[in-house]
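Fold and contact review
Residues per chain, in single letters:
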Amino acid sequence: LIKERAGETAAERKMASSLLPIVKEHHRLLVTLLLMNSIANEALPIFLEKVVPPSLAILLSVTLVLFFGEIIPSAIFTGPNQLQIASRLLPLVRAAMFLLYPLAGPIAALLDLLLHDEEDNAAYN
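Residues numbered from 1 in each chain as written. Predicted model: local features only at pLDDT ≥ 70, side-chain atom pairs only at ≥ 80, totals over all residues. Heavy atoms only, no water.

Structurally, Ala96 is set in helix H6 (residues 90–99). A residue is classified by how much of its surface remains accessible, and Ala96, at 10% relative accessible area, is buried. Discounting residues that sit within four places of it in the chain, Ala96 has contacts with Thr32 and Met36. (Helix = DSSP H or I, 4+ residues; strand = E, 2+ residues; numbered from the N terminus. Buried < 20%, exposed > 50% of the residue type's maximum accessible area, 1.4 Å probe, protein only. Contact = heavy atoms within 4.5 Å.)

Okay, structure coming up:
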């Protein structure tokens, strides 16, 4: 919201405004991203087990998930270009939110109901 209102450049403000609608649905976004992460974490060892021995599949799976699912994304998305990267990945995230809506939508609605988020009234508190 701050970047949309007071971004340094017009491009930065435009990227922020394109991200704002999806960020406002933060529970749905959170549940969708966690579901995608869980699906990938569970599918990888199943796939690898068909290619390599089970013990190696587990070792490879843990290593790949650690590096490509945790360390590298954390390093990239905390860098100086996080707004630009997020805006470029927006179509992919929207597609995932659409595809996973039957599962993520009800969970997000339940979180909204239970947690009573009222962030629309305050940018920061």
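The discussion continues.
What follows is about the environment of Ala16. Along the chain, Ala16 falls in helix H2 (residues 10–24). Along the chain, Ala16 and Pro106 lie 90 residues apart, while their C-alpha atoms are 27 Å from each other. Once you skip the residues sitting within four places of it in the chain, Ala16 turns out to touch Lys3, Glu4 and Leu83.

Bringing the packing of helix H3 (residues 26–49) against helix H7 (residues 101–115) into the picture now. Close contact between H3 and H7 brings their axes to 8 Å; oriented N to C, the two are set at 135°. Compared by their axis directions, H3 and H7 come out oblique. For the element pair H3 and H7, the recorded crossing hand is right-handed. Between H3, through His27, Arg28, Val31, Thr32 and Leu35, and H7, the contact on the second element is made entirely by Tyr101, Leu103, Ala104, Ile107, Ala108, Leu111, Asp112 and Leu115. (Axes fitted to C-alpha atoms, helices over the stretch in contact; angles between N-to-C directions. Parallel < 35°, antiparallel > 145°, perpendicular 65-115°, else oblique. Left-handed = near helix turned anticlockwise from the far one by under 90°.)

Right, let's get into the side chain of Thr32. Residue placement: Thr32 occurs in helix H3. If we ignore the near neighbours within four places in the chain, the residues touching Thr32 are Ala96, Met97, Leu100 and Ala104.

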